[in-house]
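Topology and contacts: notes
Each chain, letter by letter, is given below.
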Amino acid sequence: MISMLVAITWTSCDSESTAGYDRITYYPDFTILDGPTTLIPLGTTYADAGVIVMEGETDITSSVKVSGEVNTAEIGVYSIVYSAMNVDGMYGSATRTVCVYDPNNTTADISETYTLAAGSYRLHATAGKTPFSGYNVAISQIGPGVYYCSDLLGGYYQYFVKYGAAYALKGYFMINNDNSIEGLSGYLAGWGDSFSSIAGEYDPVSGKIQLATEYAGMTFYLTFEK
């Protein structure tokens with residue numbers, strides 16, 4: 001992360017104190033030790049590597065506050081957030097992503113850009129089926145069997161309804177050794193919520209991914225293909 005510099009100007013009725021006084025303030029500059037993504041085998045102990053935080057040439061690491069927890073007894077993706085304040089009261093933060101994975105997971109890496117296939121649809125209790133397809137989603141591996149998806153709703157709100165990027169349901173899922181899929185966590189920034197559940201399957205022969213995402217009382221039946 002590159003430090004940001006801003007010029008601060010003080011004005012005052014006291015000509016002998018801060019009148020016309022300019023100087024540079026440095027935002028906290030974070031270096032996440034051991035990198036921003038940490039992989040932890042299921043059932044082991046997590047020891048946070050920490051950060052180094054500089055304010056210009058001054059080390060302010062001792063002032064860092066840390067939030068977030070990692071449950072190593074449960075497969076998932078967790079966030080550790082480091083925050084610090086500079087001498088002028090300006091905050092900065094950095095986030096470490098911690099992936100707890102099953103070391104016995106032997107599934108192949110399916111990272112790829114996929115296209116939502118024809119036959120995908122949203123099912124609403126009163127509106128019925130709404131077919132939609134043709135939108136791209138990116139899926140990338142975080143750790144063995146654990147993946148990030150750029151939109152677990154297949155682009156329905158971002159592209160089909162045209163609400164924009166804030167309405168993509170970004171999140172994580174895992175593929176088990178039997179190729180079944182389970183949702184882990186997610187977040188739709190526009191409404192500040194997430195899915196209720198995700199179930200699905202990966203077909204290693206066709207390379208297709210099928211998901212049923214339960215969201216806000218609706219079900220999105222999605223097929224992703226390369």
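Just so we're clear, the structure is a prediction, and the values are computed from it rather than from any experiment. Throughout, a residue's number is its position along its own chain's written sequence, starting from 1. Residues qualify for local features only when their pLDDT is at least 70, as the model is predicted, and side-chain atom pairs are given and counted only at 80 or more; totals for whole chains, interfaces and linings, by contrast, use all residues. To obtain the side-chain values, all non-hydrogen atoms of the structure were used and water was disregarded.

**With respect to the packing of aromatic side chains**
Pairing of aromatic side chains requires ring centres within 6.5 Å, counting the rings of Phe and Tyr and the six-membered ring of Trp. Pairs whose planes differ by under 30 degrees are stacked, by over 60 edge-to-face, and all others tilted. Taken as a whole and assessed by the stated rule, the structure comprises 16 aromatic pairs. Ring centres 5.3 Å apart and planes at 35° place the aromatic pair Y156 and F160 in the tilted group. Here Y156 and its partner F160 are both found in helix 1 (residues 156-160), four residues apart, which amounts to about one turn of the helix. Under the scheme applied here, a residue whose accessible area is under 20% of the maximum for its type counts as buried, over 50% as exposed, and between as partly exposed, the area being computed with a 1.4 Å probe on protein chains only. What makes F160 partly exposed here is its relative accessible area of 33%. Judged by centre distance (5.4 Å) and plane angle (70°), the ring pair of Y163 and Y167 falls under edge-to-face. Note on Y163: relative accessible area 45%, which makes it partly exposed. Secondary structure elements are taken from DSSP: a helix is a run of H or I of four residues or more, a strand is a run of E of two residues or more, and numbering for both begins at the N terminus.

**Concerning the sheet that holds strand 5 (residues 51-55)**
Paired strands, as defined in this entry, are two strands with at least two bridges between them according to DSSP. With antiparallel pairing, the three strands of this open sheet are ordered in space as 3-5-6. At either end of the open sheet lies a strand with only one pairing partner, and these are strand 3 (29-32) and strand 6 (58-59). Bridging between strand 5 and strand 6 involves two bridges; their strand directions are antiparallel. The residue of strand 6 that forms the bridge with E55 is T58.

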